[in-house]
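Residue-level structure breakdown
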Amino acid sequence: MKQHEKVGIRDYTSIVILMMGTKATENTPSAFYNDVQSAAWMIPLISAGFFLIPLFLLLKTFSVFQGKDLFVVVKKLLGKYIGFFVLLYLFIISSLAVSFDTRMYSDIIHSFYFRRTPLVVVYIIFLLVCVYGAKKGIQHIGSVSYIMVWYIIFSFVLAMILSIMDSNIRSIYPILGSGIPDIIKSSIPGTTLFADLVLLTVLLSSMSSFKDFAKGTWIAFILTAIHISAAAFIFICLFDRSLGGLGYPFHTAIRYFSFGNFLTNVETLFFPIWLMAAFIRFAALLYICTKLFAHIFHIKEAGYLIPALATIYLLTGMIPETPLDVALVFKAKIRLIAGPTFAAISLLLWTVALLKGEFNYAKHKKGM
Amino acid sequence: MQNIKRVCKLLIIISIICSLTGCWDREELEENAYVIGLGIDHSKLKGKIKVTMLIANPEVGSVQGGGGSTEKPREIISFDANDFIAAKATANSVISRDISYELLKVIIVSEEFAKDPNFLPIITSTLKDKEIRLDSYLAVCKEKASEYFLKNHPRMETRPHKYFQFMIDNGINNGLIPDSTLFRYFSALDRGTDLFMAMYTTTEIEKSSNFKGEDHYAAGQLNVSGELDKTQFSGSAVFKNGVMVDKLDGLDTRLINILDDTTDIQDVLVNVPDPFSESDNQLAARVTKTNNNKITMNLNGVRPKIEITIPLTLTIMSNPSMVNYAKDPEKKNFLKEFIVKDTTALFEKIQEKTQTELKGSPYPLSLYARKHFKTNKEFERFNWAKAYPKADVTIKPDIVIEDFGIQKKVLNNKED
């Protein structure tokens, strides 16, 4: 994994958009709907509001250490031992998230498109592609995601427009769903939508500059919050009460509508593009997880780790017996803790930096 | 060294090509039997259903075939089964090809079975089979579904999928049958507050059917003769909580389709009594609905007050009493007022029927009520299903007559 080139803002932003935006196409909208019914579209926005402060503080902390990545910052602020545990925690949570998420994506492919192919085969092929992408390095992932991001956004917007044609805006009422307390309660674990942003600081050392990183993060953060909220809104309008019972509303929707009588079964058009987004997402996550692992255990040749880690993810991903277990038991637990704890870690980093006087030091340096 | 690398890369690419066949999911048109229509009936055996499959032959009718194929366009089989998912495997003992529901267009249920509470668990299994698309239509037939498919012999459209598609699309466009996709069935079921209408069809023609208005027929009542297929689509079956409870004729279905903003009716041709005619003649008119209905609700009192304004545009297409509207603006107004009165009466009649007989609104009216509640709990406490039959509903057609037809010709005829 020799790296000479750096990732620019353009590539970085598209990676982040694809990483977080694909969440609208899996079970996230229906999970929100089950929590708060017709107010599900508010959760991404309110969660974004909750996550705003930790993210702002996280970026502020990193701005002091111009261009240094998560490892350096954690080591400097928390020391060797606490830092080790914090990084290990990040690694374990994100690994579990990756393995259950990849399992969920394989489930989607298996149950909607390749019904007769054994799940394991689908899963293995899916991970193989991701491993290949991750091994190519973040620069390649970045340029591929920039090439693809426009097509993916276009196809998603098209799918949404087609859904709007069949939907009824009145399904959005009663506007508060199951009530304000429930919305707030579900919005706290909802921050998991943006938890990836904390992990992405691992990439800082391969970024062209910190300014690009901060700017890209903000752009992607705002865009994905709106994107997931809009997707949830449209799915509520389309499916109404049935949304709660659907596992994967996006895939049910693209199987439902058609371009008039002439062009039916249009899911074959959306499926490959969605698949590309999924590949990019997991290739990037796999890359980040490997980097974390390699740093924690001081492994120099991280490139060889990728297939090994992917195999472990495959094995843990196969633990849940049915797709239902994945969505309701395993993934739900990760969703519950990942967001809040990742936010807590960013707060912790900022507090320590404040107490240690890093901000004063940086100001001094600038002043001189 | 470089050569070895190149060969390795080539080998990898070649091995990747093999996966393009789709592994286990390789499918060939030739090897599949596509079920276009699925019939569900009561079985003589207890707890079982009788499944009828209408299977299309993909070889017939395609332009590329050049008319060379002498095979029949369809095949129909009926047998007893537990459900229609496992029935696919059973059917393979008769049908040589692999049965697929991928192109299923219509599910036809006999009226008798649709009224059975067992219908609900059977039809819900369509959600479980990912091959069945939610835009397939649900229809109810008067006779047994197995007989229905046998008697259905379209003359012009021998390919069954085209026949059902055209028949249903046109029926929905002119409002005589409801847009009853499985998607709408399940969303009405999940909402739990409204009724659902499925299209009504039959191949049995009633012997004693008299002439009625152009749209007062339910399927099977229109007395047609000639060289034709006897299948008729008209009217609707009303479902409450997923089980059929009642049926409506073509006129009622049409009125409800006009009240329902979620379906699009396009080309409704109607007859309106001509107020100037002495011998009960009728005007032909084309009705178009340009905008959505305006619905205002006041749900605070004991009897909820609902006001529905329906914007309709009429084009008069015939003039049996030969009145010259161009010369006489008062007659224009008189005609308009007459039509408003006539349509209001029609709507009020069907409205009363939904409140007293059906005890529920056959279109998603409850969606408009939801706006008045902040949370779901409040809405559930209000209990729409109970409140609706008590509601005080007024319907106001807001009619614009766009065109009175050509006046000049009539004028000339009269002066001759």
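In case you missed it, the structure is sitting above this.
Within any chain, residue numbers begin from 1 and follow the written order of that chain's sequence. Chains carry letters and ligands carry numbers; both start at the beginning, A for chains and 1 for ligands, and go up in the order they are written. Note on the predicted model: pLDDT of at least 70 is required for a residue's local features to be given, and 80 or more for side-chain atom pairs to be given and counted; whole-chain, interface and lining totals, by contrast, use all residues. Note that the side-chain values use all heavy atoms of the structure and ignore hydrogens as well as water.

Moving on: the overall build of chain A. The helix and strand labels rest on DSSP assignments: H or I over at least four residues marks a helix, E over at least two residues marks a strand, and numbering proceeds from the N terminus. For chain A, the helix and strand inventory stands at 14 helices and zero strands. Written out in order from the N terminus, the α and β elements of chain A read α-α-α-α-α-α-α-α-α-α-α-α-α-α. The globule rule used for comparison is 2.2 Å times the number of residues to the exponent 0.38, while the radius of gyration itself is calculated over C-alpha atoms. By the compact-globule yardstick of 21 Å for 368 residues, chain A fits well, its C-alpha radius of gyration being 20 Å. Projected onto the principal axes, the alpha-carbon positions of chain A cover approximately 70 × 45 × 35 Å. Exposure is judged per residue with a 1.4 Å probe applied to protein chains only, and the accessible area is read against the type maximum: over 50% gives exposed, under 20% gives buried, and values in between give partly exposed. Looking at chain A residue by residue over its 368 residues, the buried ones come to 58%. Whether two residues are in contact is decided by their heavy atoms, any of which lying within 4.5 Å being enough. Pairs at least 24 apart in sequence give 84% of the contacts found in chain A among residues at least 6 apart.

Turning our eyes to something else, we now look at the packing of aromatic side chains. Given two aromatic rings, one states the distance between the centres and the angle between the planes to describe the pair. Residues and elements named next belong to chain A. Two rings from Phe, Tyr or Trp (for Trp, the six-membered ring) form a pair when their centres are within 6.5 Å of each other. A pair whose planes differ by under 30 degrees is stacked, one over 60 is edge-to-face, and the rest are tilted. Applying the stated criterion to the full structure yields 42 aromatic pairs over all chains. On the basis of an interplanar angle of 40° and a centroid distance of 5.1 Å, the ring pair of tyrosine 12 and phenylalanine 213 is categorised as tilted. With tyrosine 12 in helix H1 (residues 9–21) and phenylalanine 213 in helix H9 (residues 210–239), the pair connects residues that are 201 residues apart, well separated along the chain. Phenylalanine 213 shares its class with tyrosine 12; the two are buried. With centroids separated by 5.9 Å and ring planes inclined at 75°, the aromatic side chains of tryptophan 218 and phenylalanine 221 adopt a geometry described as edge-to-face. Taken together, the positions of tryptophan 218 and phenylalanine 221, both in helix H9 and three residues apart, correspond to about one turn of that helix.

A few words on the interface of chain B and chain A. Accessible area lost upon the coming together of the parts serves often as the stated size of an interface. Listed per partner, the contact involves 30 residues of chain B and 34 residues of chain A. Two parts placed together each lose some accessible area under a 1.4 Å probe, and adding up what both lose gives the buried area. Roughly 3100 Å² of surface becomes buried between chain B and chain A when both sides are summed, with 49% attributable to carbon and sulfur atoms. When the buried area of chain B at its contact with chain A is split by residue, Lys130, Arg133 and Phe183 of chain B rank highest and sum to 21% of it. A carboxyl oxygen of Asp or Glu within 4 Å of a side-chain nitrogen of Lys or Arg is what we treat as a salt bridge. Where chain B touches chain A, the interface holds five salt bridges. At the level of elements, helix H6 (160–173), helix H7 (182–191), helix H10 (366–370) and helix H11 (376–382) of chain B are the ones that each hand at least two residues to the side of chain B that touches chain A.

Each patch is built from residues that are more than 30% exposed by relative accessible area and take part in no salt bridge. Like charges join if they lie within 9 Å; nonpolar side chains (Val, Leu, Ile, Met, Phe, Trp, Tyr) join within 5 Å. Exposure was quantified through the Shrake-Rupley algorithm and a 1.4 Å probe, taking into account, for residues, occlusion by the shown protein chains and nothing else. Taken together, Val120, Ile124, Ile125, Leu128 and Val129 of chain A make up a surface patch of nonpolar side chains, about 380 Å² in accessible area. The residue isoleucine 124 of chain A is located in helix H5 (residues 119–136) in this model.

On to the nonpolar core, then. Joining through side-chain atoms within 4.5 Å is the link that ties buried Ala, Val, Leu, Ile, Met, Phe, Trp, Tyr and Cys residues into a set, and such a set is a nonpolar core. Core analysis: the largest hydrophobic core is formed by 175 residues, its most contacted members being Phe194 and Leu197 of chain A together with Leu38, Met53, Ile107, Leu138 and Phe239 of chain B. Filtering out sequence-adjacent residues up to four positions away, isoleucine 107 of chain B remains in contact with Leu38, Ile40, Ile123, Thr126, Tyr137, Leu138, Ala139 and Leu182 of chain B. Core analysis: the next-biggest nonpolar cluster, separate from the first, contains 48 residues, Val238, Ile258, Leu283 and Ile395 of chain B among them.

This part is about the pairing of strand E6 (residues 137–141) of chain B. All names here are of chain B. Along E6, five of the five residues are buried, which leaves the element largely enclosed by surrounding structure. Residues Tyr137, Ala139 and Cys141 line one face of E6 and the alternating positions Leu138 and Val140 line the opposite face, and both faces are buried. In this description, strands pair whenever DSSP reports at least two bridges between them. Examined bridge by bridge, strand E5 (residues 106–110) and E6 share five bridges and lie parallel to one another. Pairing of isoleucine 107 across the sheet is with leucine 138, part of E6. Summarising the sheet, E6 and strand E7 (residues 196–202) pair through three bridges and their orientation is parallel. Paired with valine 140 across the strands is tyrosine 200, a residue of E7.

Below, the discussion takes up the packing of helix H4 (residues 70–113) of chain A against helix H13 (residues 323–356) of chain A. Packed helices, taken two at a time, are described by the angle between their axes plus the distance between the axes. Residue and element names in this part refer to chain A. Between the N-to-C directions of two axes lies an angle of 0 to 180 degrees, each axis being a line fitted to C-alpha atoms and, for a helix, fitted only over the stretch in contact. Here H4 crosses H13 at 155°, and the two axes come no closer than 10 Å. Our classification of the angle between H4 and H13 gives roughly antiparallel. Note that H4 runs across H13; the crossing there is left-handed. Residues were grouped as follows: Ala, Val, Leu, Ile, Met, Phe, Trp, Tyr, Cys and Pro as nonpolar; Asp, Glu, Lys and Arg as charged; and all remaining residues, including Gly, as polar. Of the residues that constitute the contact of H4 with H13, the class distribution is 24 nonpolar, one polar and six charged. For classification purposes, angles smaller than 35 degrees are called roughly parallel, those larger than 145 roughly antiparallel, those between 65 and 115 roughly perpendicular, and all remaining angles oblique. Here is the rule for handedness: rotate from the far helix to the near one, and if that takes an anticlockwise turn smaller than a right angle the crossing is left-handed, while a clockwise turn gives right-handed.

Cis peptide bonds are those with omega within 30 degrees of zero, and the linkage from tyrosine 173 of chain A to proline 174 of chain A qualifies with -5°. When you line up the elements, proline 174 of chain A lands in the loop between helix H6 (138–165) and helix H7 (180–190). The backbone of asparagine 241 of chain B sits at a positive phi, close to 50°, despite the residue not being glycine. Checked against the element boundaries, asparagine 241 of chain B lands in the loop between strand E8 (232–240) and strand E9 (243–248). What makes asparagine 241 of chain B exposed here is its relative accessible area of 52%. Its identity is not glycine, yet lysine 359 of chain B carries a phi of approximately 55°, on the positive side. Note on placement: lysine 359 of chain B falls in the loop between helix H9 (329–358) and H10. Residue lysine 359 of chain B is classed as partly exposed on the basis of its relative accessible area of 46%.

All names here are of chain A. By secondary structure assignment, the location of phenylalanine 235 is in helix H9. As a C-alpha pair, phenylalanine 235 and isoleucine 164 span 71 residues in sequence and 8.7 Å in three-dimensional space. Setting aside anything within four residues of it in sequence, one finds phenylalanine 235 in contact with Ala24, Pro29, Met160, Asp240, Leu243, Pro249, Phe250 and Ala253.

Quick look at the pattern of salt bridges now. This structure, assessed with the given rule, holds 25 salt bridges over all chains. Taken together, the shared-partner salt bridges connect Glu26, Asp101, Arg281, Lys331 and Arg335 of chain A into one network.

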